[in-house]
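Structural characterization, general
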Amino acid sequence: MVGTSVGAGIGTAGGEASLQLPDLGGVEVLWGISGRLLLALGLVVCMAGLAFGVAVYRELKAQPVHTSMREVSELIYSTCKAYLTKQGKFLLILWVFIAAVIVVYYKALVGFGWGRVAIVIAFSLVGMAGSYAVAWFGIRVNTLANSRTAFASLRGKPLPLHRIPLRSGMSIGMVLISLELMMMLLIMLALPRDVAGACFIGFAIGESLGASALRIAGGIFTKIADIGSDLMKIAFKIKEDDARNPGVIADCTGDNAGDSVGPSADGFETYGVTGVALVTFVLLAVPDAKVQATLLVWIFVVRAVMIIAAAASYQVNDAWTRRKYRDADRMDFEAPLSSLVWITSAACIVATFVTTLVVLGGSEVDAQWWRLALIVSCGTIAGALIPELVKAFTSTQSRHVREVVKSSRQGGPSLNILSGLVAGNFSAYWLGMVVVGLMGGAYLISTQGLGDLMVAPSVFAFGLVAFGFLGMGPVTIAVDSYGPVTDNAQSVYELSVIEDLDDIDTELARDHGFDPQWDRAKRMLEENDGAGNTFKATAKPVLIGTAVVGATTMIFSIIVGLTHGLTTGLSQLSLLHPPFLLGLITGGAMIFWFTGASIQAVTTGAYRAVEFIKATIKLDGETKASEEDSRKVVEICTQYAQQGMLTIFLGVFFATLAFAFVEPSFFIGYLISIAIFGLYQAIFMANAGGAWDNAKKIVEVDLHAKGTALHDATIVGDTVGDPYKDTSSVALNPVIKFTTLFGLLAVDLAVDMTGRGQHGLTVGLAAVFFLASAYFVHRSFYGMRIHSSLEEEPAPAGGAAPSSGAAPETATDTTTETATDTATGSDAAATAPEAPVLEAPGR
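Since we're looking at a predicted model, the values are computed, not measured.

As for empty space enclosed by the protein
Tallied over the full model, the rule gives 11 cavities of 30 Å³ or more. If you add up the space inside the largest cavity, you get close to 160 Å³. Asp226, Asp487, Asp529, Asp693 and Lys696 are, among the 18 residues lining the largest cavity, the residues nearest its centre. Those elements that provide at least two residues to the lining of the largest cavity are helix H5 (196–236), helix H6 (247–285), helix H14 (518–562), helix H17 (664–702) and helix H18 (709–755). Element by element, the count of residues in the lining of the largest cavity is highest for H18, at four residues. Across the lining of the largest cavity, the residue classes break down as no nonpolar, one polar and 17 charged.

Focus: the nonpolar core
Residues Tyr106, Leu154 and Trp298 are the most contacted members of the largest nonpolar core, which totals 291 residues. Take this core: its biggest share by element is 24 residues, from H5. Ignoring sequence-local partners within four residues, the contact set of Trp298 consists of Thr356, Val359, Leu360, Leu372, Val376 and Leu464.

Considerations on the confidence of the model for the chain
Per-residue pLDDT for the chain averages 87, and the proportion of residues at 70 or more is 92%. Per-residue pLDDT stays below 50 along residues 1–14; that stretch engages in 49 contacts with residues further than four places along the chain or on separate chains. Between residues 797–843, whose pLDDT stays under 50, and residues either more than four places distant or in other chains, the model counts 94 contacts.

Some thoughts on the side chain of Thr762
Among the secondary structure elements, Thr762 is positioned in helix H19 (residues 759–782). In this structure Thr762 touches Phe661, Ala750, Met753 and Thr754, once residues within four positions along its chain are discounted.

Procedures and definitions
- Residues numbered from 1 in each chain as written.
- Predicted model: local features only at pLDDT ≥ 70, side-chain atom pairs only at ≥ 80, totals over all residues.
- Heavy atoms only, no water.
- 1 Å grid on protein atoms, 1.4 Å probe; cavity = no way out; pocket = protein on both sides within 12 Å on 5 of 7 lines; lining within 4 Å.
- Points joined across faces, edges and corners; volume = space filled by probe spheres on them.
- Helix = DSSP H or I, 4+ residues; strand = E, 2+ residues; numbered from the N terminus.
- Nonpolar A, V, L, I, M, F, W, Y, C, P; charged D, E, K, R; others polar.
- Core = buried A, V, L, I, M, F, W, Y, C linked by side-chain atoms within 4.5 Å.
- Buried < 20%, exposed > 50% of the residue type's maximum accessible area, 1.4 Å probe, protein only.
- Contact = heavy atoms within 4.5 Å.
- pLDDT = per-residue confidence, 0-100.

Printed below as a string of structure tokens:
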């Protein structure tokens, strides 16, 4: 054990939950300000961030909107509420499993009193409630913003179409980061120091559970709905977001469930878990209590200052955008989003250096202040560089995306899909090299003296890189939330059928003082949706990268405990130790199972959604699908999202227990493996999906080729990319973190039992847990597969007549081959107009 902290983890009763915070009041910075007072000022910053979010919510609610559009957005919100309410009940069921392990370990084995056990359990609920609460706030703000954005488009000016989604996204980002930081500061300031470890671990596990469930379920839901809605464009030759399609409302609900609820909960958890990982590292690896206190105060003061920097950057960028585009009739919607990211990155780097000098100058860490600031800045730079790289593979101006379109013209869906796979694979290489480069730079800086303060300074450096990634948290969440608002705005416009309302031009001129620009409005909404697609894609690698880098720090905490402060058993963490090598191999298997299981849930759910929509859609004599049919599609999506999420989560849960009980070094290898495999699998899938998505957008917006064979091919590619980018890839992030965090308890429990002479029981439980996991792995396919025969007759089309000459057989075929056959069929190719020549490539 080093000092009084190293080795106080696994192997000591209670593990990380037994860690105690040092006296933060003993830290003094310039002018004699105490560390506790500085952290209390951080609470004031958090309150201001929450106030900003509330103010924007009220501002959005008061903005003008036509009744027809408001009714659509409120219907979307009502279905979102129903979905999220069911998910909340489901979360409580899953929490019971976690609470049971907490009670068994801390009460039965460690011997904690009921009071301390209750603290861990209570804060697991607090963490889960935090993830759930920001998800609620996110969907409410987004569903207000979508109709306001749609209505603003009618004026024919692009600036409001940019400002409304970004302002709503910024409010979500500020609330999310401020609430997370406030909770962690309250643990540090308001509770006894000897219970802080228990609070942090319980809090992190709870928010990780919430994020995992909401990300998995939301990802499955949104892609069932999206695919079901998109395939109708091929089957019935109807327009995007046709109001007669009962799948469109479910698609809009899914945009919020998957692209708002999921990222909000994920971002909340990522920010919190990274903080807990750093706190745990400092308490375990730094022997001097005064240095511990100084570093902890510095970390959380920098976090608070970065919130201020992000808010100021947003205001500066907004002022610049308003001045540049105030009277413009056209704008590049991506440009102000890119400038916001770069301005925020620069501001956060400056703020980091200034704050670090103020807090650490004159302290025991004085000589290292600039190195620590530089390491954090490596992560902050990554927060700006990674979006630029992602744009090179997913933007509508990207040469990779344009290659997908060119391939589709002659090769149909086949070459479309192959080109998208190329984009995803190339992106994994370049983003991987950037992450390695920045982590390598942080490592080299950490060798310049940080070892005098702590053991394994390179691991601390990696944690600070993740910390820097998240310094731009409000802006990262804002540009991510921009996407679902722009996507929904386009749908709200179509679903409102506002153009067909009697005397609508006269009404708008009389009540709102402008003449509607119908054609310009629709074009701007589509262009803005393309920018939203791009920046949704940019946030995903940032979050997955943070998860992996942060998991590295948490894994080190487990290693410190297992090796009693890196003093014994290090040979077991070597490729020469077979269990460690086997753990590395096992992790890859789990990542590929998870990918397949999540896509299977989407496939089966989409099959059922398509089956229902084809049987009920009415195209003749109808202007809108019935609300009842729309809600039925939502129910189908919810059903398969919950089934898929429960099966997958329990598979992950029992696998974590099983592998932790097999052997500690096996489990360490397993955790390292899922982090590495998960990083590249997630980046590949997210960016391949983004390329397919915006290839379709180029065909629709730039080439005006809707309804052509080229358009059908890109739709098929997009339906492949949908579960890639919005289901499997994004859910890997919280799964990695949940496994690592829950693994802290699981491996500690196994080591404790072995130390009590219960090795046989430990092995037996490992076998039982593995069989339980294998059951759910088996069930994730065989319990979710499509239950119909290959010879099954097509379902009746409910009397619907396909428009634009689509064949009845194509419209009603319910086999899984329908989409591809229709997209490449000779009838479609023969009747489709010639696609325009693609413009010269951009980026």
